[in-house]
Structure formats: C-alpha cells, structure tokens
Amino acid sequence: MGRKLLLDKAHIEGIRYYDVYRKNGGYAAAEKALKSMSPDLVTEEVKKSGLRGRGGAGFPTGLKWSFLAKPEGVPRYLVCNADESEPGTFKDRYLMEFLPHLLIEGLLISSFALGANRTYIYIRGEYAWIPDILEEAIREAHKNGWLGKNIQGTGFDLEIYVQRGAGAYICGEETALIESLEGKRGNPRIKPPFPAVKGLWQCPTVVNNVETLAAVVPIINIGGDEYVKIGIGKSTGTKLISACGNINKPGVYEIDMTISVEEFIYSDEYCGGIPNGKRLKACIPGGSSVPILPANLLLKTAKGEPRMMTYESLNDGGFATGSMMGSGGFIVFDEDQCVVRHTLSLARFYHHESCGQCSPCREGTGWMERVLKNIENGKGKMSDIDLLWDIQRKIEGNTICPLGDAAAWPVAAAIRHFRDEFEWHVRNPEEALKRNFGLAHYADPLPVVAAAAV
Amino acid sequence: MAVQFSEEKLNKVKEIIARYPEGKQKSALIPVLHLAQESFGGWLSAETMDYVASLLQLTSIEVYEVATFYSMYNLKPVGKYLFEVCQTGPCMLRGSDDIIAYIREKLNIGVGETTTDGLFTLKTVECLGACGYAPMMQLGKHFREHLTKAKVDEIIAECRREANN
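Residues numbered from 1 in each chain as written. Chains lettered and ligands numbered in written order. Predicted model: local features only at pLDDT ≥ 70, side-chain atom pairs only at ≥ 80, totals over all residues. Heavy atoms only, no water.

Participant: It is not clear to me how the overall build of chain B should be interpreted in this structure. Could you clarify?
Facilitator: Helix and strand counts for chain B stand at 7 helices and 4 strands. For chain B, the α and β elements follow one another from N to C terminus as α-α-α-α-β-α-α-β-β-β-α. The principal-axis extent of the C-alpha atoms belonging to chain B is close to 50 × 35 × 25 Å. When contacts within chain B are restricted to residue pairs at least 6 apart in sequence, those whose partners lie at least 24 apart make up 59%. Carbon together with sulfur atoms contributes 49% to the accessible area of chain B, which is approximately 7700 Å² in total. (Helix = DSSP H or I, 4+ residues; strand = E, 2+ residues; numbered from the N terminus. Contact = heavy atoms within 4.5 Å. Areas by Shrake-Rupley, 256 points an atom, 1.4 Å probe, with all protein chains shown as cover.)

As structure tokens, then:
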C-alpha cells in the first residue's frame, strides 16, 4: 500500500461535512499555519516540499508563489483552477465532491501565505452540482470561524466564492480563466505580464489547481521536509491519477510516486488489468494532450528500464520515446482500439475548443480534423500523413497559449509511433472501415538503446 | 411575455454581484447567464441577453460575445430534456459511438435535433470529466454515467413519466 495524504480519509462516512472532517484532524493544518507560522514561513514550507503544480504543467508551486508581486495597497488574489477539462482527467471532481473541506482548508492556508483576502474557485460549468457542495462547505467553515473576518482571532480575513464556467476547455489556461472570471470570452492573454504581476482585474494573482491547493494541507501537517521524502527525485509527495479507458477498475487513485507503470495498470490495488483478457496496445499517461505511447515504450523506457509513475520517468526519452505526467489523466487502450480513430476524436476536440485567437491553432486544428477524418473514412492519401505532420509542426510553438501545443502533440505522437497503422488505413481503405489494425507489433520488446544515444 | 426575473432571482443576481469588488460586476455575467437560461426556457434569446445586459449595465454586444463563446449556452430553443452525450476519446474507447447511435434510433432524431413533441434534444459534447465512468451524458444538472442501451431506455422512460405528471 502506498502512502496516502489526500484520500486517506475519503472513505470515512460524512467526511464531506465539517464536524466529521474536523473530528478526523481537519483544520489542524490551518490552525498551525495561521496561529504559529508567518505567511513567508508557509511559502517556505511549500517550497521545501517540492510540490509541483498538479494541473498539468508541473511547475514548482512554492516558486510560483514567490513570484507574486506585493505592491502596497493593491489587493492580491488566489484563484483555484477547478476547470478540469483535459480529456482523461476527473481527479479534481473527486476531491471537490467528496472532500470539499480539504480544498477549503488548502485555500485558507494558501490565501494566508499569499495575503489574499478574496479567493475564487473557478469550476467548469458542467460540474453543475458541485458548487452546491462547495458552498455548503464554505457556509460551514464560516459558521465555525474558518472564514470571514478575523479568522480564529488571528486578524486574517478571507472570503471564498465559487464561480461556474460555461463550457470552454481553454478556460483551464490561467489567463483565459482570469478573462472568463472577469466576465469575458476565454481568450488567453499575451504574457508577460504574468498573472503574478497583473492578473485578475490587473492585480497580482496566483492561479493553482485544486489538487495542488489540497496538497498544501498535508504539507503543513507533516512539514515540507517529510513530504519531500515521499516519491523519487523531483517527483515528491503523492499524485492523484484518474485512470480510464480499457481497464477493469477505472477511477481515481492516489499514488506515492514510487510505483511502475506496469504495476499501476495490472495491480489489483489500482487499475486491475485489462478486461476480457485483452492485451495492452497503447496508453496516454497524462491527459489527452501528452504523447500517446505504444505498450512497449510505455512499460519500458528506450534504455530498457521499467517506466515509473514519476514526472521524470514518464518523460524519459523526451517526446521521441517518452511522454509526460501531465494532469494524471491515464487513458488505456486495449488491442482492439484504433489509434487513427482516437486521434481523430482528439483532433475534433481541440478544433472545437480552440478559442480562435491565433490562426495556426484556429485553422490548423480544423485542417487536422478534416485530414484525419478522410484517413479514418477510407479517403486518405499517403501524402496526408506528411501533411498532418507538417500542420502540427506549424501549430506547435506558434500560438499565444499552450492549447496549440496540446493539439499538435497527440497528432505528432500518433504518427511518430503508429505510422504503419495510418499507412494501413490509406492502403486498405475498405478493410479499415470494417476492422481495426489491432495490436500489431506495438507490444513487442524493443531493442535497447544505449543511454548515451538518447 | 416580457423577460423578467422573479424577486427571488433578482436577489440572487444581487448576491452574485456582491462576490466581486465594487465596479467589477461584469464578472457576474457568466453566472447570471446560467440563471437566465434556467429561468427562461433553457435557452438564451436575444431578448433574454438584452435583459441581462441591462441588469448588469453592460452593452448588448458584451453579452452576445460571451454567450456565443461558451458551449453551455443554448442560442436556440431546446427540448425539455437535453441529452448531452460525451463523444471524446476516453468515452469513445468505452463505446460512446454506440450509445449515440442508439439514442438517435430510439428518439428518431439526429444530433442537434429535437423530437417533434419538443421533449428531447440530442447534442454531442466534448469531454465532461467523467472518463472513468464512461460512456456518459449530462442531463440537466447531473451526469448519467456507465450508460448502456438498457440505461438509456430507462432514462427516456423516466423523462416521459416526469413530463406526463
């Protein structure tokens, strides 16, 4: 059993409510932070913990906090990014639905550290029942003196508000989220200035993911030095993984980052293997934007080492032979799945979600969808595969926000690792309409590449 | 009938505006549009949007540009029950295509269409964050997960029963 810091109490009946949460050690970290630590000391503790942003980018949280500008007389804001929309990702929903007070406590400690007196939870509009749960938790926290004026007699004031979005993947990008929170279209802003200097209403703002802010609670409880001991290297602490696709036990799992990908997929403690005795074909380990890997490269790095569920190991080999931890949205494909069809589905997703500000993304995502549709529907040409490669290359790096990259990478990785599946579709259009390419050689062991060559 | 929030809803609007610093009430636009859509027949007519603009002291275009950006706002009338079925990759791996085809067949409508009795509209949507419980759809405020053909039958029957009561 791995160590659990976030979901350790998720099974307790009634943990959603204040009394039960408090009785089980809830708000002890808030008490410790507000009563015995200075805001700088809290930030220092988060820095020591090595906590990295759990939304997808993996940027060190303490460092992000230290960038926050603190001009006299200007309000500062903390915004909790609960816009969880990356396909394959549903972990924040779980936290908010079942452990709302853990998030509220994390927000309280983090707001205290940042000197924010007004904090917003921006939640995707489709999670329409969750604001009620969060607002109930906020009411309870108020009633028990953890929100409002002069919290627990410390002189610190805080109000937390829940804001619902209305259906836009792009609002998970922090500057688009801020625009949306200001009542506008979710068009990402050009950076700099960064939100840490000019964010919400042009005031210094920190935007952090739900899981990141919840993780601040155990960090304060056990201390940064203790937290940093969990995991491997720069992958410290625990991470929520939302597992889906063709597995026996889809769901949200908390892992301490010490287990292998193989163990995660096949162990009964986690995904429980693949249904109906089918074999593993491929996996997108960190949400739809990160590169898909065939089974062989997923389970072992190009150096022949077992791939681990850590930021570094998932990225081992870069994009040539590796992928990313991303948001922890773990999507598993069995041998019957068609990579072309799935890539088309993702291309359609990014086309739908592009905000339309930058031409490479606005036009390119539409072209990729149409070309992929042709290949999938038996109307593809061999040159279309190169055309796709060319389009994705021209999107990547040429847009204001990372949605362009996020749209380009899945197409690039699918062609990089599954080019023969694409070619088979072009060569056998009739057959491709009736059956899938299957597992082919994607699970065969690969020749080990010497470490120096990678 | 002129578009007008009830007293209770107007108080809700005030409560929403109070969440933001003074003068930042434009931030209330997205929540108030949700409230308007719920209150005025499940969609946003030009009249509704103009009303929201006047409430928040915005120009109409500020409301239109937001309403047209976000996928949850319906800009034309929809049925009493809106089936929003996820079709993105992870749901696709678990058979969402079959579910969509089955709903089309059962209700005899295409994607984006409404049944002639005005009861059902079928929409396909992109990832709703329920990938582990796929295939799924949103129905009103809630998600319906682990969909099978039998479950779809049940949901349709449940809606029909409710509509007849």
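Moving on, there is more to tell.
Participant: Which parts of the structure should I look at to understand the pairing of strand S4 (residues 205–209) of chain A?
Facilitator: Residues in a regular strand point their side chains to alternate faces of the sheet. Residue and element names in this part refer to chain A. Most of S4 sits inside the fold, with 5 of its 5 residues counted as buried. Across the two faces of S4 the burial is the same, with Thr205, Val207 and Asn209 and Val206 and Asn208 all buried. In terms of strand pairing, strand S1 (residues 77–82) meets S4 through 5 bridges, oriented parallel. By the bridge assignment for S4, valine 79 is matched with valine 207. (Buried < 20%, exposed > 50% of the residue type's maximum accessible area, 1.4 Å probe, protein only. Pairing = 2+ DSSP bridges.)

Participant: What is the right way to read the state of the cysteines from this model?
Facilitator: What is meant by a disulfide is a covalent connection between two cysteines, made through their sulfur atoms. In the structure shown here, the tally under the stated rule is 0 disulfides over all chains. The thiol of cysteine 358 of chain A is not disulfide-bonded; the next cysteine sulfur, from cysteine 355 of chain A, is found 6.2 Å away. Free cysteine cysteine 127 of chain B: the closest other cysteine sulfur is in cysteine 131 of chain B, separated by 3.8 Å. (Disulfide = S-S within 2.5 Å.)

Participant: Please clarify how unusual backbone geometry should be interpreted in this entry.
Facilitator: For residues that are not glycine, phi is negative in most cases, and the peptide bond is trans in most cases. The residue after lysine 191 of chain A, namely proline 192 of chain A, is reached through a cis peptide bond having omega -10 degrees. One can find proline 192 of chain A in the loop between helix H8 (174–181) and S4. At the junction of alanine 134 of chain B and proline 135 of chain B, the peptide bond is cis and its omega measures out at -10 degrees in the coordinates. With respect to the element layout, proline 135 of chain B can be found in the loop between strand S2 (120–125) and strand S3 (137–139). Positive phi, close to 55 degrees, is recorded for glutamine 57 of chain B, a residue that is not glycine. Position of glutamine 57 of chain B relative to the elements: it lies in the loop between helix H3 (46–55) and helix H4 (60–67). By relative accessible area, which is 66% here, glutamine 57 of chain B ends up exposed.

Participant: It is not clear to me how the domain arrangement of chain B should be interpreted in this structure. Could you clarify?
Facilitator: It is common to report an interface's size as the accessible area lost on association of the parts. If you check the domain split of chain B, you get domain 1 (7–69) and domain 2 (81–164). The distance between the C-alpha centroids of domain 1 of chain B and domain 2 of chain B comes to 29 Å. (Domains from an automatic or database assignment.)

Participant: Any chance you could explain the packing of helix H2 (residues 28–36) of chain A against helix H9 (residues 210–222) of chain A here in plain terms?
Facilitator: Pairs of packed helices are described in terms of their axes, by the angle between the two and the distance that separates them. Residue and element names in this part refer to chain A. Relative to each other, H2 and H9 sit at 65 degrees, their axes nearing to 8 Å. Judged by the inter-axis angle, H2 sits roughly perpendicular to H9. Here H2 and H9 pass one another in a crossing that is left-handed. Touching Ala28, Ala29, Lys32 and Ala33 of H2 are Val217, Ile220 and Asn221, all from H9. Per-class residue counts for the contact of H2 with H9 are 5 nonpolar, 1 polar and 1 charged. (Axes fitted to C-alpha atoms, helices over the stretch in contact; angles between N-to-C directions. Parallel < 35°, antiparallel > 145°, perpendicular 65-115°, else oblique. Left-handed = near helix turned anticlockwise from the far one by under 90°. Nonpolar A, V, L, I, M, F, W, Y, C, P; charged D, E, K, R; others polar.)

Participant: I tried to follow the sheet that holds strand S1 (residues 81–86) of chain B on my own but got confused; where do I start?
Facilitator: Consider a sheet: its strands pair through backbone hydrogen bonds, and that pairing is either parallel or antiparallel. Residues and elements named next belong to chain B. Taken in spatial order, the 4 strands make up an open sheet running S2-S1-S3-S4, and their pairing is mixed. Across the chains shown, the open sheet's two edge strands, defined by having one partner strand only, are S2 and strand S4 (142–144). Taking each pair of neighbouring strands and ignoring which way they run, the sheet shows an average axis angle of 30 degrees. The strands touched by helix H7 (residues 149–164) are S1, S2, S3 and S4; relative to S1, the strand with the most contacts, the crossing angle is about 165 degrees.

Participant: Can you help me understand H9 of chain A in this one?
Facilitator: Side chains three or four residues apart in an α-helix point the same way, a direct result of the helix having 3.6 residues per turn. All names here are of chain A. Within H9, 11 of the 13 residues are buried, which leaves the element mostly enclosed by the surrounding structure. Buried residues of H9: Val210, Glu211, Thr212, Leu213, Ala214, Ala215, Val216, Val217, Pro218, Ile219 and Ile220, and no others. For H9, the N-terminal capping position is held by asparagine 209, with its side-chain oxygen 2.8 Å away from the main-chain nitrogen of glutamate 211. The first or second residue beyond H9 is glycine 223, which carries a positive phi of 90 degrees. (Polar contact = N/O pair within 3.5 Å; in protein donor to acceptor, adjacent residues only side chain to side chain.)

Participant: In this structure, what is going on with the pattern of salt bridges? I would like to understand it.
Facilitator: Opposite charge on two side chains permits them to pair, given that their charged atoms come into close proximity. Using the criterion set out here, one finds 44 salt bridges over all chains in the structure. Connected through salt bridges with shared partners, the residues Arg54, Lys91, Asp92, Glu211 and Lys239 of chain A form a single ionic network. (Salt bridge = Lys/Arg side-chain N within 4 Å of Asp/Glu carboxyl O.)

Participant: Where do I start with the sheet that holds strand S11 (residues 329–334) of chain A in this structure?
Facilitator: All names here are of chain A. With mixed pairing, the 5 strands of this open sheet are ordered in space as S8-S7-S11-S9-S10. Across the chains shown, the open sheet's two edge strands, defined by having one partner strand only, are strand S8 (251–256) and strand S10 (293–294). Across 4 bridges, strand S9 (residues 280–284) lies against S11 in antiparallel orientation. From the neighbouring strand, leucine 280 faces S11, where its bridge partner is aspartate 334.

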